[in-house]
Amino acid sequence: MKRQVPLALCFLFGIVMILTQFVPHKYVQALYKEFIDWGLIISPFALVLAVITLIQTHTTRVRRRTEHWQYSFLVFAGMIIMVCVGVPFGEQDSVFVWLYDNVQVPMDATMFSLLAFFIASAAFRAFRARSFEATLLLVTAMIVMLGNIPIGDLVWNKVMSWTPWADGASGARQWILDVLNSAARRGIILGVSLGVISQSIRIILGIERSYLGGGD
Amino acid sequence: MLERFMNMDRRIIFILIALVVIIPTLIPIRLPITVSEPTQKLYDYIDTLPSGSTIMIAFDYGPSSLAEPEPMAKAVMQHCFSKGVKVIGMTLYANTPTLAHKLMRRIAAENKAVYGEDYIFLGYRPGALQVILGMGTNIANVFETDYEKTPITEIPMMQNITNYDQIALLLDLAAGSTTGAWIVYANTRYGLKIAAGVTAVIIAQMYPYLQTGQLIGLMPGYLGAAEYEKLLNVAGGDGTVGLNTASYAHLLIIGLVLLGNIAFFVHRRKEA
């Protein structure tokens, strides 16, 4: 029963939602609108589940004294403070906005900014033309990077002014993105889409059951 | 000597990066900007919208990546307000409403736009796909009130807006995979026109959609923001300043990689 009911519901709603994409009849479309409303009601529960999972994960870390378990208390502190301020007084409360502007924004921005330093260091050490493929990647990356910045065209128009192409750096970058990149990306998108379709059919028909948890 | 250079202390690289970021930010150097076709298309589309049209901006980025999308939002909203185009803001990110609301308020104040008449901010609702699909049938079903808790039905600019049929464009300012979702669910299902302004790291993913016309325009990172500012004749905007800074950081990385490779080849020849 624990398995049959979710499988039956998945089959029923899966088939109906597919039908709503192909049948324009008003009753089918009314059903579609109804299901979307249901989805909107169900979605917030995912947030509740996420919070419960986060609390469980960090409680386990503290209980087992895993590496850096002390930081889990910071997670709890952050969560409790924001909930205590946000839930009763709302998102537009001055204290909530102050905490957001002066704690979350700088911390998030700092974490992302650090990437620039690590990328530069990693690029210097790892970006070496050791093989044909690595050289190809290196040359392409250099062209795209140069084309991304105004200095690329500035240098091109000064040094390569004898060629018939003005703004050659951004032109080459655009060609790489338009032709080589798009061809590869399109292949990936088609492959992923076919995979999603086949996986969806397996889930709707009850062949793929891993989303239910358990072994089978 | 070569080996010392190849194994250079990474703190030296960190200092160099800090310098090429700080100096051009403090002393801006004007660099010539060539407007790319995807940015030009977005500008042209908004420029030809009749006064009174409405566009929707999805602020789908978090505080970590605000540096690139914010100048884009600023430039596009400035363009919209100057043309009399109304703007509806919303987000699919739970941690963005405070950020986006403040940004919209600031840009609107700079352009003398009135809340509720020229622009509104709807805020956030959980369940990205359901939100995108739900607004296609009725925006008020998803957002009963705006971010400031005013019922949608009482907001003047929303009186004639029910769903995507009355929205001329959705501009997704994204730092993740949301643009794909907007294309698949809002463009394919409801025919909503989509444009995007994305962080530099995801530009490459957008090009297939640009070629098929599923994206009518694209602002690629700082470059896109700076290009849009150039089209608006805005001197020294956030995008232009950011692009200048990014330019020198790019140059440093290119230089380091080239020097690293020269040292690598010389060292390998010596060893052989």
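Relevant structure appears above.
Residues numbered from 1 in each chain as written. Chains lettered and ligands numbered in written order. Predicted model: local features only at pLDDT ≥ 70, side-chain atom pairs only at ≥ 80, totals over all residues. Heavy atoms only, no water.

## Comments concerning the nonpolar core
Inside soluble globular proteins, nonpolar side chains tend to come together where they are buried.
Logical step 1: In this structure, Phe59, Met90, Met135 and Trp182 of chain B are the most contacted members of the largest nonpolar core, which totals 86 residues.
Logical step 2: No other element matches helix H4 (residues 69–83) of chain B, which puts seven residues into this core.
Logical step 3: Those residues within four positions of methionine 135 of chain B in sequence are excluded, and the remaining contacts are Met56, Met90, Val142, Phe143, Asn163, Tyr164 and Trp182 of chain B.
Logical step 4: Ala120 and Ala123 of chain A together with Leu256 and Val257 of chain B belong to the second largest nonpolar core, which has 17 residues in total. (Core = buried A, V, L, I, M, F, W, Y, C linked by side-chain atoms within 4.5 Å. Buried < 20%, exposed > 50% of the residue type's maximum accessible area, 1.4 Å probe, protein only. Helix = DSSP H or I, 4+ residues; strand = E, 2+ residues; numbered from the N terminus. Contact = heavy atoms within 4.5 Å.)

## Description of helix H9 (residues 203–212) of chain B
Logical step 1: Listing the buried residues of H9 of chain B in full gives Ile203, Met206, Tyr207, Pro208, Tyr209 and Leu210 of chain B.
Logical step 2: Those residues of H9 of chain B that are buried are in contact with helix H7 (168–204) of chain A together with helix H3 (37–47), helix H8 (178–190), strand E5 (194–198), strand E6 (215–220) and helix H10 (221–231) of chain B.
Logical step 3: Positive phi appears at glycine 213 of chain B, one or two residues downstream of H9 of chain B, with a value of about 85°.

## So, the interface of chain B and chain A
Logical step 1: Listed by partner, the interface residues are 66 residues for chain B and 55 residues for chain A.
Logical step 2: In total, about 5,300 Å² of surface goes out of reach between chain B and chain A, with carbon and sulfur atoms giving 66% of it.
Logical step 3: Of all residues in chain B, Thr98, Arg189 and Tyr207 of chain B bury the most surface against chain A, accounting for 11% of the area lost on that side.
Logical step 4: For the salt bridge of lysine 102 of chain B with aspartate 101 of chain A, the shortest nitrogen-to-oxygen distance reads 2.7 Å.
Logical step 5: Our count for the chain B to chain A interface comes out at 16 residue pairs in polar contact (both at pLDDT 80 or more).
Logical step 6: Taken together, the elements giving at least two residues each to the side of chain B that touches chain A come down to helix H1 (2–6), helix H2 (10–26), helix H5 (97–110), helix H6 (128–137), helix H7 (139–142), H8, H9 and helix H11 (238–271) of chain B. (Buried area = accessible area lost by both parts, 1.4 Å probe. Salt bridge = Lys/Arg side-chain N within 4 Å of Asp/Glu carboxyl O. Polar contact = N/O pair within 3.5 Å; in protein donor to acceptor, adjacent residues only side chain to side chain.)

## What to know about the packing of aromatic side chains
In this description, an aromatic ring pair is defined by two values, namely the gap between the centres and the angle between the planes.
Logical step 1: If you walk through the whole model with that rule in mind, you get 15 aromatic pairs over all chains.
Logical step 2: Ring plane angle 85° and centroid distance 5.6 Å describe the contact between phenylalanine 118 of chain A and phenylalanine 14 of chain B, whose orientation is recorded as edge-to-face. Remark: phenylalanine 14 of chain B occurs in helix H2 and phenylalanine 118 of chain A occurs in helix H4 (residues 94–126); the pair is interchain, linking two chains.
Logical step 3: The exposure class of phenylalanine 14 of chain B is buried, given its relative accessible area of 18%. (Phe/Tyr/Trp six-rings, centres within 6.5 Å; stacked < 30°, edge-to-face > 60°.)

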